Amino acid sequence: MKRPFRSCLAEQFEEFIYNKRATKKWCQSYEENLHFFDNHCASKFPDASTLTADMLAWCNERLTENGNSCRYRITVVINFVKYARDRGWTEIEPPQTPSEKPCTYVPHAFTNDELIRFFQASDRHVINALNGQNSLINKLNKLEFPVYFRLLLSTGMRTNEARWLKRSDVDLMEGVININQSKGADQHRVALHESMLSLLKRYDQRMDQLIPNRICFFPNKNDCFQRPAWVEYHFRMIWKKISNEPARPYDLRSYYAVTNITNWKGVGFELHDKLLYLSRTMGHRNVSSTYGYFNLSPALADKIKTLTEESFNNLIPKLPDYEQDDI
């Protein structure tokens with residue numbers, strides 16, 4: 001069921017969303033952050049009848065944020081204010097966009113042993129689900145954890161792309177996932193490995209017993225998409241049993257990219273074709289975004305540097321910033 005807006009801006013929000021969806025410039029993270037802003041306006045300004053400058057204090061950078069995470073949270077509000085100004089709803093200036101800051105986090109380089117132990121720990125949730133009485137939430141979680149994280153590792157999907165999958169997006173006959181909700185308005189397709197396809201088929205059958213005719217591929221009890229906190233919290237709970245090193249669910253995407261790049265043989269004319277295929281699979285708008293992962297693959301990076309000499313620095317940019325899920 002659609003979640004309604006509660007503030008005085010509800011009708012304007014609905015028109016704004018309708019327009020953005022029509023131009024294919026809308027995604028689930030925008031909607032969730034707009035709801036967070038709406039909750040702020042409804043609770044702090046219950047008697048307001050229009051947008052005020054005080055409401056936009058919600059866009060100020062928080063102590064728990066850096067410039068990049070703040071940008072991610074408030075982008076939809078900035079766009080809404082611009083939309084409202086264009087239609088004469090307000091004369092208020094949109095909030096200033098925080099300057100982009102270099103990403104200092106280095107994705108965790110998983111070892112084979114760490115991955116084996118991580119998925120063993122995830123699988124124990126499924127085994128425990130068979131013991132005693134369990135609520136629907138527990139049954140869903142224990143089925144979804146092992147499959148969700150394996151899907152990230154196997155396909156290099158963004159964490160939000162996997163959360164936002166609908167059952168209709170996953171073609172279990174052809175072994176292809178159509179990613180229709182992604183970063184921005186991007187759409188792309190991912191071909192499944194046979195082992196992953198087999199696992200998804202078994203998972204889908206089990207899930208169909210719990211929630212028949214469900215819409216979401218990884219649903220919560222209401223057949224809605226799981227929240228970002230669901231991913232982060234449970235990954236953290238499982239990972240702390242494995243290692244004290246910092247790691248995030250998104251690092252599985254980096255591992256996927258680096259593993260593919262490291263396994264490439266030779267750096268001849270085939271390089272561009274391989275890069276292009278990897279770039280499209282990962283949903284990058286430009287191949288240059290994929291180049292950043294070469295920094296995490298020293299063996300291949302050294303080989304390219306030897307062959308290209310001075311042009312190496314122009315070819316290999318910094319690692320792409322973490323495309324953080326909304327929290």
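Cut-offs used in this document
- Residues numbered from 1 in each chain as written.
- Predicted model: local features only at pLDDT ≥ 70, side-chain atom pairs only at ≥ 80, totals over all residues.
- Heavy atoms only, no water.
- Phe/Tyr/Trp six-rings, centres within 6.5 Å; stacked < 30°, edge-to-face > 60°.
- Helix = DSSP H or I, 4+ residues; strand = E, 2+ residues; numbered from the N terminus.
- Buried < 20%, exposed > 50% of the residue type's maximum accessible area, 1.4 Å probe, protein only.
- Lys NZ or Arg CZ within 6 Å of the ring centre and 35° of its normal.
- Axes fitted to C-alpha atoms, helices over the stretch in contact; angles between N-to-C directions.
- Parallel < 35°, antiparallel > 145°, perpendicular 65-115°, else oblique.
- Contact = heavy atoms within 4.5 Å.
- Pairing = 2+ DSSP bridges.
- pLDDT = per-residue confidence, 0-100.
- Salt bridge = Lys/Arg side-chain N within 4 Å of Asp/Glu carboxyl O.
- Core = buried A, V, L, I, M, F, W, Y, C linked by side-chain atoms within 4.5 Å.

(A) Main features of the packing of aromatic side chains. Overall, the coordinates contain 24 aromatic pairs when judged by the stated rule. Here the aromatic rings of Phe110 and Trp239 are separated by 5.4 Å at their centres, their planes lie at 90 degrees, and the arrangement is edge-to-face. Taken together, the residues Phe110 in the loop between α3 (67–86) and α4 (112–129) and Trp239 in helix α8 (residues 228–239) connect sequence positions 129 residues apart. Each member of the pair, Phe110 together with Trp239, is buried. We note Arg87 situated over the ring of Tyr83; from NZ or CZ to the ring centre the distance is 3.6 Å. Above the ring of Phe217, the side-chain terminus of Arg214 is found at 5.3 Å from the ring centroid.

(B) Main features of the packing of helix α5 (residues 136–155) against helix α9 (residues 251–262). Across the interface, α5 lies against α9 with an axial gap of 7 Å and an inter-helix angle of 30 degrees. Overall, the two elements α5 and α9 adopt an arrangement that is roughly parallel. Between α5 and α9, the residues in contact are Phe149, Leu152, Leu153, Ser154 and Thr155 and Leu252, Tyr255 and Tyr256, respectively.

(C) Highlighting the sheet that holds strand β3 (residues 188–191). Sheet architecture is open: 3 strands sit in the order β1-β2-β3, paired in antiparallel fashion. Strand pairing shows two members of the sheet lacking a second neighbour, β1 (170–171) and β3, which therefore form its edges. With 2 bridges connecting them, β1 and strand β2 (residues 176–179) associate as antiparallel partners. Each bridged residue has a counterpart across the sheet, and for Val170 the counterpart in β2 is Ile177.

(D) A look at unusual backbone geometry. In this model, Asn213 sits at a positive phi of 60 degrees, which is unusual for a non-glycine residue. Phi at Asp223 is positive, roughly 60 degrees, even though this residue is not glycine. Here Asp223 lies in the loop between α7 (194–210) and α8.

(E) Structural view of the confidence of the model for the chain. In this model, the chain carries a mean pLDDT of 83, and residues with pLDDT of at least 70 account for 80%. By mean pLDDT, helix α13 (residues 312–315) is the weakest element of the chain at 49, and β1 is the strongest at 96. Overall, residues 322–327 carries pLDDT values under 50, and its contacts beyond four positions in sequence, including any with other chains, amount to 24 contacts.

(F) Spotlight on the pattern of salt bridges. Under the defined criterion, the tally for this structure stands at 12 salt bridges. Between Asp204 and Arg214 there is a salt bridge, with the nearest N and O atoms lying 2.9 Å from each other. In this pair, Asp204 is assigned in helix α7 and Arg214 in the loop between α7 and α8, connecting sequence segments 10 residues apart. Here Asp204 and Arg214 have matching classes, each one buried. Close ionic contact of Asp251 with Arg248 constitutes a salt bridge, the shortest N to O distance being 3.0 Å. Each member of the salt-bridge network shares a partner with another, and the members are Arg167, Asp204, Asp208 and Arg214.

(G) Focus on the pairing of β3. Side chains His188 and Val190 of β3 all project onto a buried face; the interleaved residues Arg189 and Ala191 project onto a face where none is buried. Both β2 and β3 contribute to a ladder of 4 bridges, which runs antiparallel. Bridge pairing in β3 places Ile179 opposite His188.

(H) How the structure looks around the nonpolar core. By size, the foremost hydrophobic cluster in this structure holds 39 residues, and its most contacted members are Phe149, Leu151, Ile177 and Leu200. Among the secondary structure elements, those contributing two or more residues to this core are α4, α5, β2, α7 and α8. In terms of residue count, α5 provides more of this core than any other element does, 8 residues in total. Those residues in contact with Phe149 that sit more than four places away from it in its chain are Phe118, Phe119, Ser122, Val231, Phe235, Ile238, Pro249 and Leu252. One finds Ile17, Leu56, Tyr83 and Ile92 within the second-largest nonpolar core, a separate group that totals 24 residues.

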